[in-house]
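A closer look at the structure
The primary structure of each chain is shown beneath.
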Amino acid sequence: MIQQEREQILSTLPDTKPQPVTEESIQSLPEPVKKWLRRSGVVGRPEIRYGWILQSAAMKMKPNQETWYHAQAEQLFTTTPPAFHWTVKMKMNPLIAIKGRDLFVEGKGEMRIRMNSLINVVNESGEKIDEGTLQRYLGEIVWYPTAVLSPYITWEPIDNFSAKATMRYKGTEGSGIFYFNEKGDFIRFSAMRYKENTPDAKRFEWIISVRKHAILDGLKIPVEMEATWKLDKGDWTWLKLTIDEIIYDHDKRE
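In this text the structure is predicted, and so the values were computed from the model without any measurement.

Among the residues making up helix α1 (residues 2-10), those that are buried are E5, R6, I9 and L10. Buried residues of α1 fall within an arc of 130 degrees about the axis and therefore sit on the same side. Residues of α1 that are exposed and point over 90 degrees away from its buried face: Q4 and Q8.

Next up on the list: the layout of surface pockets. Empty space within the largest pocket amounts to approximately 1,200 Å³. Lining the largest pocket are 45 residues, with M59, D102, M111, I113 and W238 positioned closest to its centre. With seven residues, the top contributor of residues to the lining of the largest pocket is helix α3 (residues 127-140). Looking at the lining of the largest pocket residue by residue, the classes come out as 25 nonpolar, seven polar and 13 charged. Taken together, 16 residues line the second largest pocket, and the ones lying closest to its centre are I2, T87, K99, G100 and R101. Listed by contribution, the elements that provide at least two residues to the lining of the second largest pocket are α1, β2 (69-79), β3 (82-93), β4 (96-105) and β5 (108-115).

Moving on to the pairing of β4. Pairing of β3 with β4, which is carried by nine bridges, proceeds in the antiparallel orientation. Bridge assignment links K91 to a residue of β4, and that residue is A97. Of the strand pairs in this sheet, β4 and β5 are connected by eight bridges, and their pairing is antiparallel. Among the inter-strand pairings, I98 is bridged to a residue of β5, identified as M115. Counted along the chain from β4 to the antiparallel partner β5, the turn is two residues long, and its residue E106 has a positive phi close to 55 degrees.

The next thing to look at is the environment of E127. Relative to the helices and strands, E127 resides in helix α3. By relative accessible area, which is 71% here, E127 ends up exposed. Measuring from C-alpha to C-alpha, the distance between E127 and N197 comes to 8.6 Å, with 70 residues separating the pair along the chain.

Moving on, we come to the pairing of strand β9 (residues 172-180). Burial along β9 is one-sided: T172, G174, G176, F178 and F180 are buried, while E173, S175, I177 and Y179, pointing the other way, are not. As judged from the eight bridges shared by strand β8 (residues 162-169) and β9, these two strands associate in the antiparallel manner. Bridge pairing in β9 links R168 to E173. Taken together, β8 and the strand that follows it, β9, pair antiparallel across an intervening segment of two residues, in which K170 is found at a positive phi of about 55 degrees.

Take the nonpolar core next. Residues V33, I141, W143, Y144, W155, F178 and F186 are the most contacted members of the largest nonpolar core, which totals 59 residues. For this core, the element with the most residues is strand β12 (residues 219-231), which contributes seven residues. Not counting the four nearest positions on each side in its chain, F178 is found in contact with L138, G139, I141, V142, W155, F161, S162, A163, A165, F186, R188 and F189. Of all hydrophobic cores here, the second largest spans eight residues; its members include L10, L13, Y50 and L103.

Looking at the element boundaries, S209 is found in strand β11 (residues 203-216). Beyond its immediate sequence surroundings of up to four residues, S209 is in contact with I187, R188, E224, M225 and E226.

Using the criterion set out here, one finds 19 salt bridges in the structure. Residue R101 is joined to E5 by a salt bridge in which the shortest nitrogen-to-oxygen separation is 2.9 Å. Linking R101 in strand β4 with E5 in helix α1, this pair joins segments that are 96 residues apart in sequence. Both residues of the pair, R101 and E5, belong to the buried class. Among the ionic pairs, R168 bridges to E173, the shortest N-O distance being 3.4 Å. Judged by its relative accessible area of 45%, R168 is partly exposed.

About the criteria used
- Residues numbered from 1 in each chain as written.
- Predicted model: local features only at pLDDT ≥ 70, side-chain atom pairs only at ≥ 80, totals over all residues.
- Heavy atoms only, no water.
- Buried < 20%, exposed > 50% of the residue type's maximum accessible area, 1.4 Å probe, protein only.
- Helix = DSSP H or I, 4+ residues; strand = E, 2+ residues; numbered from the N terminus.
- Arc of directions from axis to C-beta.
- 1 Å grid on protein atoms, 1.4 Å probe; cavity = no way out; pocket = protein on both sides within 12 Å on 5 of 7 lines; lining within 4 Å.
- Points joined across faces, edges and corners; volume = space filled by probe spheres on them.
- Nonpolar A, V, L, I, M, F, W, Y, C, P; charged D, E, K, R; others polar.
- Pairing = 2+ DSSP bridges.
- Core = buried A, V, L, I, M, F, W, Y, C linked by side-chain atoms within 4.5 Å.
- Contact = heavy atoms within 4.5 Å.
- Salt bridge = Lys/Arg side-chain N within 4 Å of Asp/Glu carboxyl O.

It is worth stressing that arrangement in space is one thing and function is another; only the former is reported here.
The structure is reproduced here in structure tokens:
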């Protein structure tokens, strides 16, 4: 299933030659976004069409959990059209292993988790998942910054250090705020996101915070990040993520 889904996503890539990002092409963006693009090394580089991201992660499945579970993940992304396919493997104890897959394609999201490759633990889809998955895609464009120029994303200036982005694609819409420091580095993303997929689910603030930047495959990107839910009972930092490798527009992985 995973291989078929990845092949389907890659089959949608355009055959046209990627165009370079120029100073002229970024002029309509808010000032802090332009500064970030220059600092990341995007200007002068062809637009990124797709890529692979290898990740190491530590995760907590519940707010009151004390132990961090360690995981390895791999993500395929495309920017034209916007999509991602994320798979994760996590060992909870010697007897229980978790495999998960998150998908965003054609504006729709889907989440699946299986225990020991046999038992379905999570199998979620629907409008709330669509919106939340699109917001995740939006927040993750900091790993492939030429996606800032996507026709599906509009930008609104807030101040010298932040800007709001709204993404609309195939009937799904979501927004988030990007924050930057004085040097122009991206440091935080914030969105009001559904935490659950139930009929009475509420949106809570979902924050991605950057701990470290590095230059990978020629671009300066965030490589250590944390994800936190701002819940009624307090903050829940549930994910610590490290980018081990990123590969842009290279040969397809097996």
